[in-house]
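This is what each chain is made of:
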Amino acid sequence: MTEENKTSSNFIKNIVDADNESGKFDNRVHTRFPPEPNGYLHVGHAKSICLNFGLADEYGGKTNLRFDDTNPTKEETEYVEAIKADIKWLGFEWDNLFFASDYFDQLHAWAIRLIKEGKAYVDELSADEMREYRGTLTQPGKNSPYRDRPVAESLDLFERMTNGEFPDGAMVLRAKIDMASPNFNFRDPVMYRILHAHHHRTGDKWCVYPMYDWAHGQSDSLEGVTHSICTLEFENNRPLYDWFIENLDIYAPQQIEFARLNLSYMMTSKRKLKQLVDTGVVNGWDDPRMPTLSGMRRRGFTPRSIRNFCDTIGVARANSVVEYAMLEHALRDDLNQIAPRAFAVLDPVKVVITNYPEGKVEEIEVDTYPQDKENSETHVVPFSREIYIERADFMEVPVPKYRRLIPGREVRLMRAYLVTATDVVKDEDGNITEVHCTYDPETFGGNAVDGRKVKGTLHWVSAQHAVPVEVRSYEHLFTAENPSDAPEGGSGELDWTANVRDNSLTVTTAYVEPDLANAKAGDVYQFQRNGYYVADPDSEPGKPVFNRTIGLRDTWAKK
RNA sequence: UGCGGUGUCGCCAAGUGGUAAGGCAGCGGACUUUGAAUCCGCCAUUCAUAGGUUCGAAUCCUAUCACCGCAGCCA
């Protein structure tokens, strides 16, 4: 894909440039995006996707999509399909589609080779015992009593593990490296564990499954990946991956770690997001409040806005938290360019134009894309004697610098007429129920023949023609800038759920121009002077439901 | 406490010995039939701190401090 703005320099590109200079990989650039199919993709993954696919795109290389499906107890086909759909939606195409499970046979054969070479052994220590033997941060570990058992015995046991002769947890296959290493990953890491579980692709073929550490590096190697980009927490694992590659004497990719994305007010932990879904805090993975790609899509984010966002935040090795405002900027920037404009009144107050003929209806032609000089498309909005305007657009007693409608002041009804407020009608509680105005018939279109100016321009909707629609508005799912920064819960663990906002969804009725009644799921609009909205999949023919994607910038309200 | 990392404007982030890019946010102002968009201007004598090397240091050296990650048969 070719994007208008290429990202600026970053340390990964510097590495690739240097590698191309030295010919390290024969000028090949081959990346991969390796999700585990145990949940839906979120913004954090978008950063990784844009990085991997973007790098290959920029250097004329390739990118594989590889599902790291080494743990059958957590992974499901539903997730692989959703992940594929999200990547495509973002606008990327993988060159090859692989699964770590494609390599189960090869990995198994390699494991046997390592056993034969005395570099791996079957250990019968229990999980608890293994933890004790592993040592601590300051103390070296101890060798397992099974560490030096005969090769033939390990071979036999591993074969029987594979055949399913032992129950889960009875024994594991471990690499024989160094129990005293300051790097824990070298303290005889587990390569295989027994899992009598059904795998989403290999079915019941296997009773032993490779650990991620034993599968990942070799998968990259097998695929000819050049730059294996992953997040910071795998930095300590890199020496282990290199050890496996070296001892297997196979092609060596270069792993590069970068800092994962953290966004203020957003939770980017698959585990915790799954909890929100499972406990019903949100209505599924694609709830518009979720930071998942499917949730953002439903909320009205565009693929381009997310890609642009990823480009502007950059890539580095320092942990950081990006302000939500950055994402908002990217969103508004794209939506502003593409969204058709429409009239919609979110919180109505009736306006009666007393000198406008009763029963008369005029068709007002308005630009659908006023922001786009190249697009002259227009549509028609009916105008009549009684209309709705926003409650906030009229004030009986104005605040300073208020430039909207007040008694005696003339303002413009967008693309229609200039009107002047004359009276206010209230109910017994003093609430304004109607505003009476007069209009100047000579101002059709919104301009006075004598050239007089008005300070305010309001959007409106004809009362008898307006269509009531459901509007869903959202606030951050979390009240804390850092959702994980939580008070301690009962179990001694941090109870991040205490940060979940309990009123993050608000449902209201808005009155929209007639054309919007036919909006189809996914249609985006800018409700003039208000914000961007998208028709939700819950919409039915003639009965659209709109999600508020994001409001317009409002520098007036801030003051 | 062992090992591996990271510290440049409120938030991201370039910079790789030659004298601090850019974006977001913010603040002024212009324009405006969206208080939007657009446009103009302002916004780090200073790069965690302290020393040192050098004609010259955010970049090299030394020490210190702070923060992150690693002790799953998770990834």
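Each value, and the rule that gives it
- Residues numbered from 1 in each chain as written.
- Chains lettered and ligands numbered in written order.
- Predicted model: local features only at pLDDT ≥ 70, side-chain atom pairs only at ≥ 80, totals over all residues.
- Heavy atoms only, no water.
- Pairing = 2+ DSSP bridges.
- Helix = DSSP H or I, 4+ residues; strand = E, 2+ residues; numbered from the N terminus.
- Core = buried A, V, L, I, M, F, W, Y, C linked by side-chain atoms within 4.5 Å.
- Buried < 20%, exposed > 50% of the residue type's maximum accessible area, 1.4 Å probe, protein only.
- Domains from an automatic or database assignment.
- Contact = heavy atoms within 4.5 Å.
- Near = heavy atom within 4 Å.
- Polar contact = N/O pair within 3.5 Å; in protein donor to acceptor, adjacent residues only side chain to side chain.
- Nonpolar A, V, L, I, M, F, W, Y, C, P; charged D, E, K, R; others polar.
- Axes fitted to C-alpha atoms, helices over the stretch in contact; angles between N-to-C directions.

Draft legend 1. Main features of the sheet that holds strand 10 (residues 341-342). Taken together, the seven strands give an open sheet; going across it, the order is 10-23-24-25-21-22-11, and neighbouring strands pair in mixed fashion. At either margin of the open sheet sits one strand with a lone partner, and together these are strand 10 and strand 11 (344-345). Alignment of strand 24 (residues 531-535) against strand 25 (residues 545-551), held across five bridges, turns out to be antiparallel. By the bridge assignment, Ala535 is partnered in strand 25 with Phe546.

Draft legend 2. Looking closely at the nonpolar core. Ranked by size, the top nonpolar core spans 37 residues in total, and within it Ile49, Ile87, Leu263, Ile306 and Phe309 carry the most contacts. Only helix 2 (43-58), strand 2 (62-67), helix 3 (77-90), helix 10 (293-299), helix 11 (303-313), helix 12 (324-338) and strand 24 provide two or more residues apiece to this core. Two domains each put at least three residues into this core: domain 1 (3-262) and domain 2 (264-338). Apart from the residues within four sequence positions on either side, Ile306 is in contact with Ala46, Trp89, Leu90, Leu293, Met296 and Phe301.

Draft legend 3. Molecular detail of the environment of Asp347. In this structure, Asp347 sits in the loop between strand 11 and strand 12 (348-353). When residues no more than four places from it in sequence are discounted, the contact partners of Asp347 are Ile389, Glu390 and Arg391.

Draft legend 4. View of unusual backbone geometry. Positioned with a positive phi, Asp249 is a non-glycine residue whose angle comes to about 55°. Along the chain, the position of Asp249 falls in the loop between helix 8 (238-248) and strand 9 (254-258). Residue classification places Asp249 among the exposed positions, given a relative accessible area of 67%. Positive phi is not limited to glycine here, since Lys401 has a value of about 70°.

Draft legend 5. Expanded view of the protein's contact with RNA strand B. Lining the immediate surroundings of RNA strand B are 64 residues, of which Met326, Arg341, Arg404, Gly445 and Lys558 lie closest. In the environment of RNA strand B, a base nitrogen lies 3.0 Å from a nitrogen or oxygen atom belonging to the backbone of Lys401. Within the side chain of Arg404, an N or O atom sits 2.3 Å from a base nitrogen of RNA strand B. For the surface near RNA strand B, the secondary structure elements donating two or more residues are helix 5 (127-134), strand 6 (190-194), helix 12 and helix 13 (555-558). Partitioning the surface near RNA strand B into residue classes produces 23 nonpolar, 22 polar and 19 charged.

Draft legend 6. Expanded view of the sheet that holds strand 7 (residues 208-210). The antiparallel open sheet is built from four strands, whose spatial order is 4-5-6-7. In this open sheet, the two edge strands, each paired with only one partner strand, are strand 4 (120-123) and strand 7. Between one strand axis and the next, the sheet turns by 20° as a mean value, whatever way the strands run. In the sheet, strand 5 (residues 172-175) pairs with strand 6 via three bridges, with the strands oriented antiparallel. Within the sheet, the bridge partner assigned to Arg174 lies in strand 6 and is Val190.

Draft legend 7. Representation of the side chain of Thr231 in the model. Within the secondary structure layout, Thr231 lies in strand 8 (residues 227-231). What makes Thr231 buried here is its relative accessible area of 13%. Look past the residues within four positions of Thr231 in its chain and what remains in contact with it is Glu257, Phe258 and Arg260.

Worth remembering: the numbers are spatial, not functional.
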